Number of protein chains: 2
Amino acid sequence: MDRIKNAKLKERIVSAEAAAALIAPGSTVGVSGFTSAGYPKLVPGALAKRAEAGEDLRLTVISGASVGDELDGVLARSGAVARRYPYQSNKDLRAAINDGRIAYADIHLGQLPYLVRSGVLGPVDTAVIEASAILEDGSIVPTMCVGSSDTFVQCARQVIVELNTAVPDLTGLHDIYTPALPPDTQPIPLVRPSDRIGQTAIPCDPEKICAIVLSDTPDVGGPGTAPDEVTTQIAKNLVAFLQNEQKAGRLADPLPPLQSGVGATGNAILSVLAESGMRGMDLYSEVLQSAVLDMIDSGTVAFASGCALSFTPAYQKKFYDGFETYREKIVLRPQEISNSAEVIRRLGVIAINTAIEADLSGNVNSTHIDGCRLMNGIGGSGDYARNAGLTVFVTPATAKDGALSCIVPYVSHVDHTEHDTDVIITEYGAADLRGRTAYERAELLIETCAAPAFRPQLREYMERVKKECRWHHGIPVLK
Amino acid sequence: MDRIKNAKLKERIVSAEAAAALIAPGSTVGVSGFTSAGYPKLVPGALAKRAEAGEDLRLTVISGASVGDELDGVLARSGAVARRYPYQSNKDLRAAINDGRIAYADIHLGQLPYLVRSGVLGPVDTAVIEASAILEDGSIVPTMCVGSSDTFVQCARQVIVELNTAVPDLTGLHDIYTPALPPDTQPIPLVRPSDRIGQTAIPCDPEKICAIVLSDTPDVGGPGTAPDEVTTQIAKNLVAFLQNEQKAGRLADPLPPLQSGVGATGNAILSVLAESGMRGMDLYSEVLQSAVLDMIDSGTVAFASGCALSFTPAYQKKFYDGFETYREKIVLRPQEISNSAEVIRRLGVIAINTAIEADLSGNVNSTHIDGCRLMNGIGGSGDYARNAGLTVFVTPATAKDGALSCIVPYVSHVDHTEHDTDVIITEYGAADLRGRTAYERAELLIETCAAPAFRPQLREYMERVKKECRWHHGIPVLK
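Residues numbered from 1 in each chain as written. Chains lettered and ligands numbered in written order. Predicted model: local features only at pLDDT ≥ 70, side-chain atom pairs only at ≥ 80, totals over all residues. Heavy atoms only, no water.

Student: Just checking my understanding: could you explain the relation of the copies chain A and chain B for this structure?
Tutor: Here the second copy of the chain follows from the first by a rotation about an axis and a shift along it. Laying chain A over chain B is done by rotating through 180 degrees and shifting 0.0 Å along the axis; what remains is an RMSD of 0.0 Å. The relationship between the two copies is best expressed as a two-fold rotation axis. Nearest to the rotation axis, the C-alpha of Glu-342 of chain A is located 2.1 Å from it, this being the minimum over chain A. Both copies contact each other with a shared surface, as 100% of the interface residues of chain A are interface residues in chain B too. (Least-squares fit on C-alpha atoms with pLDDT ≥ 70 in both. Contact = heavy atoms within 4.5 Å.)

Structure, rendered in structure tokens:
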């Protein structure tokens, strides 16, 4: 096992079951993993077996962000988890949350590590971290994400490492910088997405590593790269908007670093950017998707800073095969840095995230259907939206095959307020809400973004607002 | 006029009318002023006379924050203003906004200067800045606030200075640091509230100063310092909460720097803190109220960093008389720095702001009544709430002499989402919402914060939510 450079630590290799036995009922477990990359894949299964055998585990599980089914799925189905932070995207876990069986709180990803280190979420008993190598001094080289692993390792009483040989030794990909708590916090010395400001591995006292489990399972991987007609049109509207801002002198050329959410729209945006002729741009994002590798290959992207690599299996292979080259163009950081208010604001990041729905005031719902059904969670969208140089939300104009408008009078759950949403873009157009009054925004959103079929009833809503409200600044929920 | 160190500039002293004549109809004016401190008091009146004489001025007025009636009141009443950013608290301006006669958009105070410099709000034609001195090189020493004056001076084509001799020469009070736009933005090198990182005056090319108007009118001044029974009890609950967090090791001793909003509750908090025996704390806030001087005198406060001094006339005198001493303990910064996400997060600021109402999810309304009637605006509350180490909102449990509950099922306008509100405090108690699910938060808010008379109907709302909703994560608006 030459991935473990510390001879004494090699003696701590045990089975997943033996490692899981070190985790006490009622305890808090911090796990690596960020949007289905770099999460532990064996110890959770062994914990689930204990729960299935009747043990009342009542675990609190804190991750970086969403993780694969081998973690959130098996634990949720087995009943091992009582409480879960800060984000998820697993079908069975989501069902348990929406049934009230698992307590869940949605937490800004960029703030989670601070909350953990300052003790607000209680002590972390065990960290379970997927690694690609362990160094002589105990330092842990992560796999395809950093997430909050640096904070979990720092805070945990004990550390279980899942050493995954399905991933090559990724030394040199990561840049680990963990801010001190106030009053000792210093400026984060990052002024370009490509700056390296920390260490290549997560510092860890070797005495804290209580077990090492050998793993050979690849990440389930991120979504595919095929945009459809609607997402492509959204992406075209976005790129046209950005180019127009450049022409007007309100955006630099090359563009400020981009952050783009995961999924079909994110991939469509990357594709259209690649085709637009823009070159040499940087990404300062949380999740880097498969399309990023193509954009680096073509020169569209000069450098990509992220927190996780959420690649399809084919792009995982492409990345591993070209690792020596790609690591000059890609860095993975802790989510506290990738999603840092300080850095996002300094770089003037263009933040592009997906809305479930947006309302006539410009409020955005990113998390709930009908106000009571959690989808995934707010994730990092708030970290970026609140502090970006330009905050864009994209959404198809309609959902459910055109049956529902995604531009609504009032969103059923507010995740981003009218104060934070600069531009809303659908396949019909881009509404620039900056400096606009509530009524001006409503008109822009109806006439530019809403699907034509829904415009009459949205106009009617605004007519009612104008007639029925005694005051005329703000768009309330009418009965 | 020995307050003007540049001989050539002395020749540009003119009447307010002559200065106002330099402002063209349809243009954008950036004015000094932040919460009724340091705003120009004569040129606006001269502009109003032009409007009253029938000229169609259609001005866009951008300030730091709210300003006195000599600016917002006279301009609103005269019909000179078409558009107003980013905050206000004037009765007549508010009425015009709520009637739809003046277009207004609520903008985070900490983000305004960036939006102005990057051109998003259009060019600034004229800056009108109240000063206590003008230096040989044209630099402008502000009066009782900095606000966005540094940015307006930098961006404006021409600068009109109102030199106010009702205020002593305040050289040494201010610390002017204006970040460069991306991609040249550097880390803000501020790690303690007392750090000075910039210049004592606002840099200004003397050729840009087109007119100087002599003024001798004091600021209207901030609110008084008399807390009532309810606000005192809210303050006691807050201080007890903070002390408990210190005991639990989740907050340091001395406390991290405090930010506290303006008004009766703000003053009550400062009074109770002073009586609590806490000593040596720092303030990192936007507006510093009268009580701050007493706290500095008594040693409760070691250092106070702000953007404006909103003192009653008696405390203005106290400050001017003791200026040589106080300027060692007080600094005024541009609002981009006092409200900087980067600095607020780095310092782990405890942010305490007032809510109009809070709902069972933890969403906070800071701006609107009934969703359509603007009160003042979001001001800096979002800058602090989103990035603070601990975000507290305070509100009396009821309004209108007990007729209305300020804890409601669903707020009529969301300014701060459940993701950003850590603790809600009323005179009945403190609800710590961190890491809690939506239902747990609702229960905490009902049983801890709501007035006992309103608890039964709030409980009934939650019973309906539990019964009528098919999913159980989130509290929707029920019909």
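Student: How do you make sense of the packing of helix H10 (residues 291-298) of chain A against helix H11 (residues 313-321) of chain A when you look at a structure like this?
Tutor: A packed helix pair is summarised by two numbers, namely the angle formed by the two axes and the spacing between the axes. Residue and element names in this part refer to chain A. Contact geometry for H10 and H11: axes closest at 10 Å, N-to-C directions at 40 degrees. For the element pair H10 / H11, the angle class is oblique. Contact residues: Leu-293, Asp-294 and Asp-297 in H10; Tyr-315, Lys-318 and Phe-319 in H11. Class assignment for the residues of the contact of H10 with H11 results in three nonpolar, no polar and three charged. (Axes fitted to C-alpha atoms, helices over the stretch in contact; angles between N-to-C directions. Helix = DSSP H or I, 4+ residues; strand = E, 2+ residues; numbered from the N terminus. Parallel < 35°, antiparallel > 145°, perpendicular 65-115°, else oblique. Nonpolar A, V, L, I, M, F, W, Y, C, P; charged D, E, K, R; others polar.)

Student: What is the right way to read unusual backbone geometry from this model?
Tutor: Glycine aside, a negative phi is what most residues show, and trans is what most peptide bonds show. Residue Pro-254 of chain A is bonded to the preceding Asp-253 of chain A through a cis peptide linkage, with omega at 0 degrees. Its place among the elements puts Pro-254 of chain A in the loop between helix H8 (229-247) and strand E9 (258-260). Backbone torsion omega between Tyr-85 of chain B and Pro-86 of chain B reads -15 degrees, so that peptide bond is classified as cis. Tracing the backbone shows Pro-86 of chain B in the loop between strand E3 (81-85) and helix H5 (91-98).

Student: Any chance you could explain the domain arrangement of chain A here in plain terms?
Tutor: Interface size, as often reported, equals the accessible area lost upon joining of the parts. All names here are of chain A. If you check the domain split of chain A, you get domain 1 (8-215) and domain 2 (229-468). Spacing between the C-alpha centres of domain 1 and domain 2 amounts to 28 Å. The largest contributions to the domain 1 side of the interface with domain 2 come from Met-144, Leu-173 and Pro-193, which together make up 20% of the buried area. Counting every contact that joins domain 1 to domain 2 gives two salt bridges. The closest approach of N and O atoms between Asp-175 and Arg-333, which form a salt bridge, is 3.0 Å. Taken together, the connections running from domain 1 to domain 2 amount to 27 residue pairs in polar contact (both at pLDDT 80 or more). The greatest single-element share of the side of domain 1 that touches domain 2, amounting to four residues, is contributed by helix H6 (residues 112-117). (Domains from an automatic or database assignment. Buried area = accessible area lost by both parts, 1.4 Å probe. Salt bridge = Lys/Arg side-chain N within 4 Å of Asp/Glu carboxyl O. Polar contact = N/O pair within 3.5 Å; in protein donor to acceptor, adjacent residues only side chain to side chain.)

Student: Would you explain the sheet that holds strand E17 (residues 364-365) of chain A in this entry?
Tutor: One key point about sheets: their strands pair by backbone hydrogen bonds, in either a parallel or an antiparallel sense. Residue and element names in this part refer to chain A. If you trace the three strands from one edge of the open sheet to the other, you get E17-E16-E23, paired in mixed fashion. The open sheet is flanked by E17 and strand E23 (407-408), the only strands paired with a single partner. Two elements, strand E16 (residues 357-359) and E17, share two bridges in a ladder whose sense is antiparallel. Pairing of Glu-357 across the sheet is with Asn-365, part of E17. (Pairing = 2+ DSSP bridges.)

Student: Would you mind going over the packing of aromatic side chains with me for this structure?
Tutor: Any two aromatic rings considered together are summarised by their centre-to-centre distance and by the angle between their planes. Taken as a whole and judged by the stated rule, the model has eight aromatic pairs over all chains. Pairing Phe-319 of chain A with Tyr-326 of chain A gives two aromatic rings, centres 6.0 Å apart and planes at 25 degrees, and the pair type is stacked. One exposure class covers both Phe-319 of chain A and Tyr-326 of chain A, and it is buried. Note on Phe-311 of chain B and Phe-319 of chain B: the rings are 5.7 Å apart at their centroids and 65 degrees apart in plane angle, and the pair reads as edge-to-face. Judged on exposure class, the residue Phe-311 of chain B and its partner Phe-319 of chain B are both buried. Through a chain of ring-to-ring contacts, the aromatic side chains of Phe-311, Phe-319, Tyr-320, Phe-323 and Tyr-326 of chain A assemble into a single cluster. Lying over the aromatic face of Tyr-114 of chain B, Arg-345 of chain A brings its terminal NZ or CZ to 4.8 Å of the ring centre. Here the guanidinium or amino end of Lys-41 of chain B rests over the ring plane of Tyr-39 of chain B, the centre of that ring lying 4.1 Å away. (Phe/Tyr/Trp six-rings, centres within 6.5 Å; stacked < 30°, edge-to-face > 60°. Buried < 20%, exposed > 50% of the residue type's maximum accessible area, 1.4 Å probe, protein only. Lys NZ or Arg CZ within 6 Å of the ring centre and 35° of its normal.)

Student: Mind showing me how you'd approach the pairing of strand E15 (residues 350-354) of chain B here?
Tutor: On a regular strand, one side chain projects to one face of the sheet and the next to the other, so that they alternate. Residues and elements named next belong to chain B. Here E15 lies mainly inside the structure; four of its five residues are buried. Pairing of strand E9 (residues 258-260) with E15, which is carried by three bridges, proceeds in the parallel orientation. Paired with Ser-260 across the strands is Ile-352, a residue of E15. Direction of pairing for E15 relative to strand E20 (residues 390-394): parallel, over a ladder of five bridges. Counted as the bridge partner of Asn-353 is Phe-393 from E20.

Student: So what exactly am I meant to see when it comes to the interface of chain A and chain B here?
Tutor: Taken together, the contact between chain A and chain B spans 69 residues of the former and 70 residues of the latter. At the boundary of chain A with chain B, total buried surface from both sides reaches about 6000 Å², with 52% on carbon and sulfur atoms. Across the contact surface, chain A and chain B share six salt bridges. A salt bridge links Arg-83 of chain A to Glu-440 of chain B; the shortest N-O distance between them is 2.4 Å. The interface formed by chain A and chain B contains 39 residue pairs in polar contact (both at pLDDT 80 or more). Counting residues per element, the side of chain A that touches chain B draws most heavily on helix H14 (residues 341-347) of chain A, at five residues. Tallied by class, residues from the side of chain A that touches chain B come to 25 nonpolar, 26 polar and 18 charged.

Student: Quick question: what am I supposed to make of the side chain of Gln-111 of chain B here?
Tutor: Take Gln-111 of chain B: it is sitting in the loop between strand E4 (103-104) and helix H6 (112-117). Note on Gln-111 of chain B: relative accessible area 13%, which makes it buried. When sequence neighbours within four positions are dropped, the list of residues in contact with Gln-111 of chain B reads Arg-345 and Arg-386 of chain A together with Asp-383 of chain B.

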